[in-house]
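# Remarks on the overall topology
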Amino acid sequence: MTVKKNEIYKSEIIDYTTEGSGVCRIDGMAVFVPNTAVGDIAEIKILKAAKNYAFGKAENILNPSADRCISDCEIFQKCGGCVFRHINYEAELRFKQKRVKDALTRIGGVSSEKIMPIVCSDRADGYRNKAQLPLTLDKNGKIRAGFFASRSHRVIPQNKCALQSPIFNKVVNIFLEWANDEKITVYDETVHSGVLRHLYLRYAEKTDELMVCVVVNADEIKGENRLVKKLKSNLSNLKTVVLNINKEKTNVITGRESRVLYGNGYITDELCGLKFRISPLSFYQVNRDQAEKLYRIAADLAGLKKHETLLDMYCGTGTIGLSMADRVKSLIGVEIIPQAVEDAKKNAQRNGIENSRFICGDAAVAAKTLKTEDLKADCIIVDPPRKGCESSLIGTINELSPKRVVYVSCDPATLSRDVRLFEEKGYIVQQAIPVDMFPRTVHVETVVLMSHNI
Ligand code: SAH
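Here goes a summary of the coordinates provided. Since the model is a prediction, treat every value here as computed from it, not as a measurement. (Residues numbered from 1 in each chain as written. Predicted model: local features only at pLDDT ≥ 70, side-chain atom pairs only at ≥ 80, totals over all residues. Heavy atoms only, no water.)

### Some remarks on the overall build of the protein
- The helix and strand tally for the protein stands at nine helices and 21 strands.
- Taken over C-alpha atoms, the radius of gyration comes to 24 Å for the protein, in line with the 22 Å a tight globule of 454 residues would show.
- With the C-alpha coordinates of the protein rotated into their principal frame, the extents come out at 65 × 65 × 35 Å.
- Expressed as a percentage of its 454 residues, the buried residues of the protein come to 54%.
- Looking at the protein alone, contacts between residues at least 24 apart form 64% of all its contacts between residues at least 6 apart.
- As displayed, the protein offers around 20600 Å² of accessible surface, 49% of which is attributable to carbon and sulfur atoms. (Helix = DSSP H or I, 4+ residues; strand = E, 2+ residues; numbered from the N terminus. Rg over C-alpha atoms; globule rule 2.2 N^0.38 Å. Buried < 20%, exposed > 50% of the residue type's maximum accessible area, 1.4 Å probe, protein only. Contact = heavy atoms within 4.5 Å. Areas by Shrake-Rupley, 256 points an atom, 1.4 Å probe, with all protein chains shown as cover.)

What follows is the structure in structure tokens.
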């Protein structure tokens, strides 16, 4: 028997998908039920039935899971940000632990005793030091900031977000007051016209420095000076205001070109005792306190020695490698975004680190070049974006034959795929440590140490 569309069944949620949707089994068939919690017993209406699985909606929770809690956000389950405001943080951590374990054991072939308990975040809210708010017009023609609805480009107007640094709320209000006074047009992606695209905010928590970046579909905006004046007089920690120009028909938020309206165009934060400059286009971990924990874990696993050479692939502004530079003889960083490489070089200088150099380029290409230069890397750290490493890079890393590879990953699935490739080359996973960098979302970071067995 298979489940039928529009029928209602009583069932218990027994698991989550990797996207955080609840899963139950009805007549042996997996049914995906969003916004439910493991342990819920619910009446589930089937919305769509395929041959081997179905999608349902919880019509009525008969017996709520003990993991449930009450969401304190008005737009939860409408906005694409949080997935887990309806279950407590402990339950969320269990989900993340299981997600990493399932991927690494099933796809990566890693034995489960190598996987350590997840390192939790001290703050489950207010941890994000970066906000990118799309701008829109409400029905009264007022400019509003908001958040994209899940899997869509529809903007839900809302000024504050529980995940973000609370200091952003005030900035949003000041900015909107200015934008509405100036009557600046708002970008409409369907017709590719209008000026204001995104309000992009960054905050260096440790140093209390604030960056306001306005992403526009124009080379300049009227009232630029008045914006700077207004922000300056209301925000004592304002360090820089930048206009980012994005005239492309794209859903990439920032354009390549920026013009500084006030300050130096960057802010400086402190991480692992070093100072790092952050430009609008450079990557910087959004959860600063957890980043420190992550880097310390990576450093411990890397087990660096004074005579060794460390290669930091996908280095961004150099944060990982530079935080470990005093433990090694030399450090080489590789990063594809020129502005981030510039930041990395400046970061080295500023912190008086003289044993480092940085290469701007694609990780796979740069690794090949380093191989032809006969580089001997004792330890290689990779920290790629979600899509993971290119397989040719794994081949070249193997040829560079480092004693240890530390893989910092933000996606358990691509991590596990890549770990398998390393294992085929003879590397063995010694330890994997999940780290929760992004509470209330499904995302989870993992640090893996691989080496040849001695
Ligand atoms: N390790 C850094 C940055 C990690 S994010 C940190 O912890 O802060 C991943 C970085 O990889 C980004 O800076 C991104 O610009 C860079 N990147 C993406 N694709 C790349 C590629 N093909 N080659 C080199 N770097 C790349």
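From this point, the narrative continues.
### Description of the sheet that holds strand S12 (residues 257-262)
- If you walk across this open sheet you meet the seven strands as S8-S7-S6-S9-S10-S11-S12, and the pairing is mixed. Only two strands of the sheet have a single partner each, and these edge strands are strand S8 (155-157) and S12. Within the sheet, the average angular offset between the axes of one strand and its neighbour, ignoring direction, is 35°.
- With five bridges joining them, strand S6 (residues 130-137) and strand S9 (residues 196-204) adopt antiparallel strand pairing. Along S9, the bridge assignment pairs leucine 133 with leucine 199.
- Of the strands in this sheet, S6, strand S7 (143-148), S9 and strand S10 (209-216) touch helix H2 (residues 167-182), which is tilted by about 150° from S9. (Pairing = 2+ DSSP bridges. Axes fitted to C-alpha atoms, helices over the stretch in contact; angles between N-to-C directions.)

### Description of helix H6 (residues 338-350)
- Here H6 contains 13 residues, and its C-alpha end-to-end distance of 18 Å stays within 8% of the 18 Å for a straight helix at 1.5 Å per residue.
- Within the span of H6, buried status applies to Ala340, Val341, Asp343, Ala344, Asn347 and Ala348. When H6 is viewed along its axis, its buried side chains cluster within an angular range of 160° and face the same direction. Pointing more than 90 degrees away from the buried face of H6 are the exposed residues Pro338 and Gln349.
- Against the buried residues of H6 lie strand S14 (274-278), helix H5 (319-322), strand S16 (330-335) and strand S17 (356-360).
- Backbone geometry just downstream of H6 places glycine 352 in the positive-phi region, at approximately 65°. (Expected span 1.5 Å × (residues − 1). Arc of directions from axis to C-beta.)

### A few points about the environment of alanine 348
- Positionally, alanine 348 belongs in helix H6.
- Here alanine 348 falls in the buried class, since its relative accessible area comes to 5%.
- Through-space distance from the C-alpha of alanine 348 to that of histidine 86 is 43 Å; in sequence the pair is 262 residues apart.

### A closer look at the pairing of strand S19 (residues 404-409)
- By the criterion of burial, S19 is predominantly enclosed, with six of the six residues buried.
- Every second residue of S19 is oriented toward a common face, with Arg404, Val406 and Val408 on one face and Val405, Tyr407 and Ser409 on the other, all of them buried.
- Sheet analysis places strand S18 (residues 379-382) next to S19, joined by four bridges and oriented parallel. Counted as the bridge partner of cysteine 379 is arginine 404 from S19.
- Relative to strand S21 (residues 445-451), S19 is paired through six bridges, and the arrangement is antiparallel. Residue pairing across strands places tyrosine 407 opposite valine 448, the latter belonging to S21.

### With respect to the site of the ligand
- The environment of the ligand is made up of 16 residues, and the closest members are Tyr295, Glu335, Asp362, Ala363 and Asp383.
- Taking isoleucine 336, its main chain carries an N or O atom lying 3.3 Å from a nitrogen atom of the ligand.
- Contact with the protein chains hides 88% of the accessible area of the ligand, taken as 570 Å² for the molecule alone. (Near = heavy atom within 4 Å. Polar contact = N/O pair within 3.5 Å; in protein donor to acceptor, adjacent residues only side chain to side chain.)

### Focus: a nonpolar patch on the surface
- Judged by side-chain polarity, Leu47, Tyr53 and Phe55 come together as a nonpolar surface patch covering roughly 270 Å² of accessible area.
- Tracing the sequence through the fold places leucine 47 in strand S4 (residues 41-49). (Patch = residues over 30% accessible without salt bridge, like charges linked within 9 Å, V, L, I, M, F, W, Y side chains within 5 Å. Salt bridge = Lys/Arg side-chain N within 4 Å of Asp/Glu carboxyl O.)

### With respect to empty space enclosed by the protein
- Across all of its chains, the model carries one cavity of 30 Å³ or more by this definition.
- For the largest cavity, the calculated volume is near 30 Å³.
- Taken together, Ser121, Asp122, Arg123, Asn287, Asp289 and Gln290 make up the full set of residues lining the largest cavity.
- Its residues placed into classes, the lining of the largest cavity shows no nonpolar, three polar and three charged. (1 Å grid on protein atoms, 1.4 Å probe; cavity = no way out; pocket = protein on both sides within 12 Å on 5 of 7 lines; lining within 4 Å. Points joined across faces, edges and corners; volume = space filled by probe spheres on them. Nonpolar A, V, L, I, M, F, W, Y, C, P; charged D, E, K, R; others polar.)

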